[in-house]
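Okay, here's what each chain looks like letter by letter:
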Amino acid sequence: MSNSVGSSRHELLEDARRQGLPFAHWDGPTVVVWLELWVGMPAWYVAACRANVKSGAIMSALSDTEIQREIGISNPLHRLKLRLAIQEIMSLTSPSAPPTSRTSTGNVWVTHEEMETLAATPQTTLAYGDMNHEWIGNEWLPSLGLPQYRSYFMECLVDARMLDHLTKKDLRGQLKMVDSFHRNSFQCGVMCLRRLNYDRKELERRREESQVEVKDVLVWSNDRVSNWIISIGLKEYANNLVESGVHGALLALDETFDHNALALLMQIPTQNTQVRAILEREYNNLLALGTGRRLDEDDDKNFRRAPSWRKKFRPKDLRGMAPGSAETLPANFRVTNTMSSPSMQPKKMQMDGMRTAPFLSDEHDNGMV
């Protein structure tokens, strides 16, 4: 019985896809199914929408104040989640959007066979290819060495769609990330996801392939960095990286993070020069072998330090933008590698020819870090 119910709910989305209906033309039941299965909103929000929102047109026209008043969403990050999802679905179902045969691996529409598979596993959502708030809290944050923030991110329903739009105020306030280094670590993690086009399977594949070999440090988890520390003979300090925020993307992307910063987090005494010398040598080798960072031969073997990218790259906050604005999400919504100009990036950030997304341009200064 539950399978048939799940199947019928998925059929509503399939019908909307087959008819090519813009979101504004969706009826109330289809909007409710979209909220539940795609956006992953909690049951009480879905129930409130069922009672108050009778069409996609009504949903898309709701202001932030109306979302709070009519649907009862008081948490600002819950409202952000909904507003971003609305912008996404409006762009994706716009008549001007390119035809697509996307799949559940992170894209939007699914085939009938995939619908049947999803119906058998109703917990699955389509938001960013299963990178929903449960994945963010249970897997992604721990992989960054930031598991201590799990409950706050889970309570705020933070999914991958939202990561680019979290401000410093959001991180410090709702998400309790008051430590500036942890916020920096978080931003490096987001930049890694962006470079992988928010492809969870690609992230998992590359992590698996670099589990033993010293390569592709960008995707290394906190555990993988700890294992590397053990492999260079510094096992007694490895546990100090638990909840430290140290992970591969931090090492690969933040050019201000050097062996001294790592030694400090590992709690290696300054007077233990022998251990620190080992770490310096192995750390420099690691960056040379597994990242795009290079030694500057004219700088006494220290790494070059570009102006802090953290002050240069800050994501936009799309809250309050009018539907249809030029700043709304693009039709394909997914990040591509051709969006920003090299002149907008610190030189060292142009690793492997990959570019950051325009969400982080310096003209949108919201004080991220």
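Only a predicted model underlies this, so the values are computations on that prediction, with no experimental measurement involved. (Residues numbered from 1 in each chain as written. Predicted model: local features only at pLDDT ≥ 70, side-chain atom pairs only at ≥ 80, totals over all residues. Heavy atoms only, no water.)

**Regarding the side chain of Arg206**
Mapped onto the elements, Arg206 comes out in helix 12 (residues 200-209). Among all residues touching Arg206, those that are not within four sequence positions of it are Leu196, Asp216, Leu218 and Val219. (Helix = DSSP H or I, 4+ residues; strand = E, 2+ residues; numbered from the N terminus. Contact = heavy atoms within 4.5 Å.)

**Let's talk about the packing of helix 2 (residues 28-39) against helix 3 (residues 43-52)**
Relative to each other, helix 2 and helix 3 sit at 170°, their axes nearing to 9 Å. As the angle between them shows, helix 2 and helix 3 are arranged roughly antiparallel. Two secondary-structure elements touch here, helix 2 through Val32, Leu35 and Glu36 and helix 3 through Val46, Cys49 and Arg50. A class-by-class count of the residues in the contact of helix 2 with helix 3 yields 4 nonpolar, no polar and 2 charged. (Axes fitted to C-alpha atoms, helices over the stretch in contact; angles between N-to-C directions. Parallel < 35°, antiparallel > 145°, perpendicular 65-115°, else oblique. Nonpolar A, V, L, I, M, F, W, Y, C, P; charged D, E, K, R; others polar.)

**Things to note about the confidence of the model for the chain**
When pLDDT is averaged along the chain, the result is 77, and 69% of the positions lie at 70 or above. In the model, residues 100-129 has pLDDT below 50 throughout and makes 65 contacts with residues more than four positions away in sequence or in other chains. Here residues 297-369 is a poorly scored stretch, pLDDT under 50, and it has 165 contacts once near neighbours within four places are set aside; other chains count. (pLDDT = per-residue confidence, 0-100.)

**Some details on the pattern of salt bridges**
Taken as a whole and assessed by the stated rule, the structure comprises 15 salt bridges. Two residues, Glu139 and Arg200, come together in a salt bridge whose shortest N-O distance is 3.6 Å. Separated by 61 residues along the polypeptide, Glu139 in helix 8 (residues 133-143) and Arg200 in helix 12 bring together distant segments of the chain. Given the relative accessible area of 41%, Glu139 is considered partly exposed. Across the pair Asp159 and Arg161 runs a salt bridge, and its minimum N-O distance is 3.2 Å. Residue class for Arg161 comes out buried when judged on its relative accessible area of 1%. (Salt bridge = Lys/Arg side-chain N within 4 Å of Asp/Glu carboxyl O. Buried < 20%, exposed > 50% of the residue type's maximum accessible area, 1.4 Å probe, protein only.)

**Some thoughts on the packing of aromatic side chains**
Applying the stated criterion across every chain yields a total of 6 aromatic pairs. Aromatic side chains Trp140 and Phe186 sit 5.7 Å apart centroid to centroid with 75° between the ring planes, which places their arrangement in the edge-to-face category. Note that Trp140 is positioned in helix 8 and Phe186 in helix 11 (residues 180-195), a separation of 46 residues in sequence. With a relative accessible area of 2%, Trp140 lands in the buried category. (Phe/Tyr/Trp six-rings, centres within 6.5 Å; stacked < 30°, edge-to-face > 60°.)

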